[in-house]
Amino acid sequence: MIWYLLYPFRGTTEPPKLDAKHPLRRAFTRYGYQAARHPVITLLISVAVATILIYPFPFLYTTDFIKSAGNLPHHVWTSAQPYEGARETQPDVVMRSIWVHGDYMKALEPKVLMSALEIQDALLGSTIDFNPKRPDTERLDNLSTELTADVRDSFHAINGLSNSSWFFHSPLQYWSCSRERIGEDNDIITTVNKASHQSTSVNVTLRHSIVFSGKRFEDRRLIAADALVITLLHKLDSPVGRQWQKNAAALADQNSGQWQIFPSDGRSLTDTLYEFRFQPLSPIENFWLMIIYAVTITTFFRKVSNIRALKSRLGLIAAVFTHIIVSVAASFTICAVLKIDLSKLPWQVYLLAPFIIGSQNVLVLITSVITTPSDRSTPYRMGEALGNAGYIALGSFIEKIILVWVMSKTVFLPVEAFCTFCQIANVLDFFFLMTFFTAVLSIDVRRTELSDTLSRVITRSGTNTPDLEPRKTWTDSILRGEAPVSTRIAGTIVMIGFVLIAQWHFTDDENFFPTASRLVRILRSHPEAPRSNFSSILSVDIHQARTPTSWLRMQDHETAQEVINVVKPHAPAYIARVYEPLIFVLDGANRTKDSSGVRQFLPAAYDFVHHHLKSFIAVVLFLVAAVCLLMNYLLWNELSESDPEERPDDEPLLSIKTLSQGHVLDIVLLEASNNGIIATVGLDRFIRIWDVRKRVYGYIVGDQYSGINNPFPVLAMAIDNDSNWLALLSAKDEVMLWNIPERRWGPIMQVDIKSRTPAGFFFGSDETEFIDPVTIVRHNGIMTEVHPEANETREMRICKSPLVCVRPHFEKRPNLDTPPRIITSSRRGCIHVASQLAEGWVSEGLEIPEPDDDREVKSILPLPALSSFLAVRDHTVDLIDIFTNKVTHSFSTSPMKVDSLRCFHSTRRRPQCGSVGLASLAIAYTCAETGNCILQSYLPQRDGDTICFRDPYTPGSKTCCLWRETVEHRYVVENPGKWEVLQVGYVAGVRKRERSKPVNGTSTPPVRGVRRRGLISKPDLGKKDRQDDIWEAWSISARGDRASIPLFSDAEKEDCLLVTGLGPMTRFGKRNVAVALGNVVKVVTVGNDRLDDTASDDDAAFVGMAPSRKKKTNVSHRKKAV
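Residues numbered from 1 in each chain as written. Predicted model: local features only at pLDDT ≥ 70, side-chain atom pairs only at ≥ 80, totals over all residues. Heavy atoms only, no water.

Regarding the packing of aromatic side chains
How two aromatic rings sit relative to each other is given by the distance of their centres and the angle of their planes.
Moving on, step 1. For the structure on display, the rule yields 22 aromatic pairs.
Moving on, step 2. A centroid spacing of 5.1 Å and a plane angle of 15 degrees characterise the contact between Phe276 and Tyr574, whose relative ring orientation is stacked. Here Tyr574 lies in strand 12 (residues 573-579) and Phe276 lies in strand 11 (residues 271-280), a separation of 298 residues in the sequence. Both residues of the pair, Phe276 and Tyr574, count as buried.
Moving on, step 3. For the ring pair Trp725 and Phe770, a centre distance of 6.4 Å and an interplane angle of 85 degrees mean the geometry is edge-to-face. (Phe/Tyr/Trp six-rings, centres within 6.5 Å; stacked < 30°, edge-to-face > 60°. Helix = DSSP H or I, 4+ residues; strand = E, 2+ residues; numbered from the N terminus. Buried < 20%, exposed > 50% of the residue type's maximum accessible area, 1.4 Å probe, protein only.)

Written out as structure tokens, the structure is:
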């Protein structure tokens, strides 16, 4: 609302947009990021707080108003407050009372009760066994000066209401006003608690709240009171009232020494008009409340239905209602503990304002999440959303707190209690928004994703023109929140409206201007002049546990209803002239305050702690543990820890690590494992091991005490899946194994490779052996399997034709024993699959349909997670099932460079039809004509559907999308350099930045040679921009989001070798690419640099491009080195 008030100065009603580096926005961004990374922890915090605040609710509230618990609101307006009308208003009844005090908080002692009975009889006459009921024929007129008991009783209200009627209530009626019964009572506390339901002759219940003041409760029982309260209510012309006044003055004049009287003359000179109200909701009020609730709920559901990118609407709607109900219930609990009486207003008003405020905040947060790119990680999206919406919600929260606080200073006490409730509800709503709803929303985003379908809908309907769209009505604009006066201020307006309506309800004759004048006086620090002269009557401080004013205001609505039925039947309220009470303090009473007085918090709260603390702690711990187990069970394989962008939004997507000072000359071979172990071979004849995960500086492979010669030159190398062994293929026809953790040589075996680089060199898989076998596939089609433990080699021929591509296909499927395979393509274009069966390796040639214009298969790309592989031709790619050898789909591409195709896809699904399913798939390759990197991604037509691998002629489910029905998106990266695809759905590469055009006709001389030392040492060239050495890392996501970062910092440029081309490149982990530049290794990381040591070599965990986050596949256990 503040932005609308500032419109004349700002020219807009939109909240300001803070810079991404603003401390407030940055704090919300980081919180949203961390909350989404750890949604279970965030949810458990909210569950714990909610349980702590809601569990005591039934123990703190009761419908029995004689108890020490709080009062729940009902469907009535109730109040006991000074009358705000004209001073000359004729009251309906007069209320006089006396308070009898003994020692502090010891009013229930027999001597105090005896003294109170003596005072009561002195004021009213004898009241023993009081029964004023008289037959109609016995009605007496007030003819004598001194009232007899019979004359007095004849005017009692039980005998008919007249202008002389009267009645009273007193705690002594528990003993029938009998001195003997009081003296014989050995357990006064029990009598007081048992008789609390007792009624007077006019059906007014003798509740503890009206016959005692300064009560102390324990275990839902009254155990002490500070004062006995005897109250007389009489009509204006009642002789009993005149007799009370006369006898009170006489008691003061006698000065018997038994007690002290305040005021000392026994006359209550000051009085105040009080209004006691008990008014049920009228039919018109019920009607308008029903209309308001209907409009509010309809608007909420309309707004939710308009969020087209929201899948789990019912789940989030349930979360919204849970969030609001928990906030309201927790607010009631806090109000009960703080003894804030909420029973003065109807219960309906306590739900609407929190509902509107809470739903407004969650809709803003949902909308903010939807506007973030759907291909980004969940932590990034939640951080970005809270960064955009969090500070606005905080500003709205502070605005409402201040506004309600100001209004609470200008309204009556019942409305002030409602204002306090709104403030507490606002605080809790903001807390649960930041914890409970943020966690639920992040889980929903992670599981079913708030996908960005709006842009795709616009793309598909791009032929529509704006003229064809129907014109929106003003009603639609209001419901959609697009009208000039946005519903962003609905919560504030409704809250203010309810405060004003409640205020005006208690002042039937007051309009807006008296309320406004009260507010002006508050703002000007001019306190409002009191409407009455009801001030403190005590000239001596007697330390009353409760003041008369607070005693009056705490009267519950049932007492008000009972008194109204007597004084003014069928009326919603009555006005009473309340005189200051006469205070009687027994002579010699010790009125020093002690710890036995009225407690600060609700007595039921102390009882709850005393009797239910252990069960309360047990329930909280049980619920937290149960929710923790439930969430871990439901989300154990969905709370992915491999999001590519687990970082705050102000940190770059790409990060660079440098592995330097390991080689003197250029690096020519590079291999890495998913655990972050990197092996490099340089022209300086050194072989180095680097541990990126542990940030360990590289060491040189070699053992001077072993007598083993340097294996250089090295033709190929490989690291096993467990990062225990490094296999080196030496040009000396040797396979040499190096133990990486123990830094020692392992077995060395001779192989006949004729000092030629093989077509394939990699570790195989054999669960029965400690060291996995090493597989060597030569270009002539012969495969050699080296078993280091058995010191034997096995050979077989895979293909008779020269091979051009060799790829291992190691499929890991739960509950399915799939043999290791090797897929090859030859120079003649044939494809062979070698499988390791029980009897040994078996090679089988595949017959695949060949397009007329693109017959030759040039390379192979296995997809183990899909039980398929890609057969790559010149400008087509066939997706082939590894079991049936049938072509599932053919992709059309631009002409591709040989062996440049890469692929990544979402996690494998199982559609209802039982086939293989995907949410998305992408292929990337280097165009042979332009040298550009081309990325082609494929998505289902309908959001949420699954790309199905089944035969198109067999029936499928409604959510299946055939390959021919998918939507293709194509992105081009110019000057890509070298690149690789990552399992997190990105293509990452390194390239030399294009040289800028010369300025003012000058140019930089070309660099000759492979490398040269930096020219920074030469003064004449030190200031020139060495554009030929500017390398950068780049990335592109499956949705086309691009990023780049310089590969070298300014400090590194001074010491590094300058190169004209890139060295070997390999990917490792799920988000890392390692590339050699001269004698330096650069590690490019997309997103967070944490390495997952359970990542596999296959592409089973590819995520990041699908509209929704998918489940991670299980990774089988690996062998450990011993």
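A few points about the sheet that holds strand 48 (residues 1065-1068)
Moving on, step 1. Here we have four strands laid out as an open sheet, ordered 14-50-49-48, and antiparallel in their pairing. Two strands in the sheet have a free side with no partner beyond their single neighbour: strand 14 (654-659) and strand 48. Geometrically, the sheet is characterised by an average inter-axis angle of 25 degrees between neighbouring strands, direction not taken into account. (Pairing = 2+ DSSP bridges. Axes fitted to C-alpha atoms, helices over the stretch in contact; angles between N-to-C directions.)

Quick word on the packing of helix 14 (residues 349-370) against helix 15 (residues 378-408)
Moving on, step 1. Interaxial distance between helix 14 and helix 15 falls to 8 Å at its minimum, and their mutual angle equals 155 degrees. On the basis of their axis angle, the class for helix 14 and helix 15 is roughly antiparallel. Like other packed secondary-structure pairs, helix 14 and helix 15 cross with a definite hand, here right-handed. In contact with Ile357, Asn361, Val364, Leu365, Ser368, Val369 and Ile370 of helix 14, helix 15 contributes Arg381, Met382, Glu384, Ala385, Leu386, Asn388, Ala389, Ala393 and Lys400. (Parallel < 35°, antiparallel > 145°, perpendicular 65-115°, else oblique. Left-handed = near helix turned anticlockwise from the far one by under 90°. Contact = heavy atoms within 4.5 Å.)

A short note on a nonpolar patch on the surface
Moving on, step 1. Side chains of Ile284, Phe287, Trp288, Met290, Ile291 and Val295 sit close together on the surface and give an oily, nonpolar patch of about 600 Å² of accessible area.
Moving on, step 2. Mapped onto the elements, Met290 comes out in helix 12 (residues 283-306). (Patch = residues over 30% accessible without salt bridge, like charges linked within 9 Å, V, L, I, M, F, W, Y side chains within 5 Å. Areas by Shrake-Rupley, 256 points an atom, 1.4 Å probe, with all protein chains shown as cover. Salt bridge = Lys/Arg side-chain N within 4 Å of Asp/Glu carboxyl O.)

Remarks on the pairing of strand 43 (residues 986-992)
Moving on, step 1. Here strand 43 lies mainly inside the structure; six of its seven residues are buried.
Moving on, step 2. Pairing of strand 42 (residues 978-982) with strand 43 involves five bridges; the strand directions are antiparallel. The partner of Trp979 across the bridge, within strand 43, is Gly989.
Moving on, step 3. The turn joining strand 42 and strand 43, which pair antiparallel and follow one another in sequence, is formed by three residues; a positive phi near 90 degrees is taken by Gly985.
Moving on, step 4. Pairing of strand 43 with strand 45 (residues 1031-1037), which is carried by seven bridges, proceeds in the antiparallel orientation.

Quick notes on helix 15
Moving on, step 1. The end-to-end C-alpha distance of helix 15, which contains 31 residues, comes to 42 Å, matching closely the 45 Å that a straight helix rising 1.5 Å per residue would cover.
Moving on, step 2. The sharpest bend along helix 15 measures roughly 35 degrees and falls at Ala389.
Moving on, step 3. In terms of residue burial, helix 15 counts as a mostly covered element, since 22 of its 31 residues are buried. (Expected span 1.5 Å × (residues − 1). Bend = angle between axes of the 7 residues up to and from the residue.)

Looking at helix 14
Moving on, step 1. Here helix 14 is 22 residues long and its end C-alpha atoms lie 32 Å apart, about the 32 Å a rise of 1.5 Å per residue gives.
Moving on, step 2. Summarising burial for helix 14: 19 of the 22 residues are buried, a large majority.

Considering the nonpolar core
Moving on, step 1. In this structure, Ile98, Val100, Phe167, Phe212, Leu228, Phe276 and Phe584 are the most contacted members of the largest nonpolar core, which totals 74 residues.
Moving on, step 2. By residue number, the principal contributor to this core is helix 6 (residues 110-124), which donates eight residues.
Moving on, step 3. With residues up to four places along the chain from it excluded, the contact list for Phe276 reads Ser79, Ala80, Met95, Leu552, Ile564, Pro572, Ala573, Tyr574, Ala576 and Val578.
Moving on, step 4. With 71 residues, the next largest nonpolar core counts Leu44, Trp77, Leu345 and Phe421 among its residues. (Core = buried A, V, L, I, M, F, W, Y, C linked by side-chain atoms within 4.5 Å.)

Focus: the sheet that holds strand 32 (residues 868-872)
Moving on, step 1. Strand order in the open sheet formed by four strands is 31-32-33-34, and the pairing between neighbours is antiparallel. Only two strands of the sheet have a single partner each, and these edge strands are strand 31 (859-863) and strand 34 (887-892). The sheet shows a mean angle of 20 degrees between the axes of neighbouring strands, direction not considered.
Moving on, step 2. Relative to strand 33 (residues 876-881), strand 32 runs antiparallel, the two being bridged by five bridges. Its bridge partner being in strand 33, Leu870 is matched across the sheet by Leu879.

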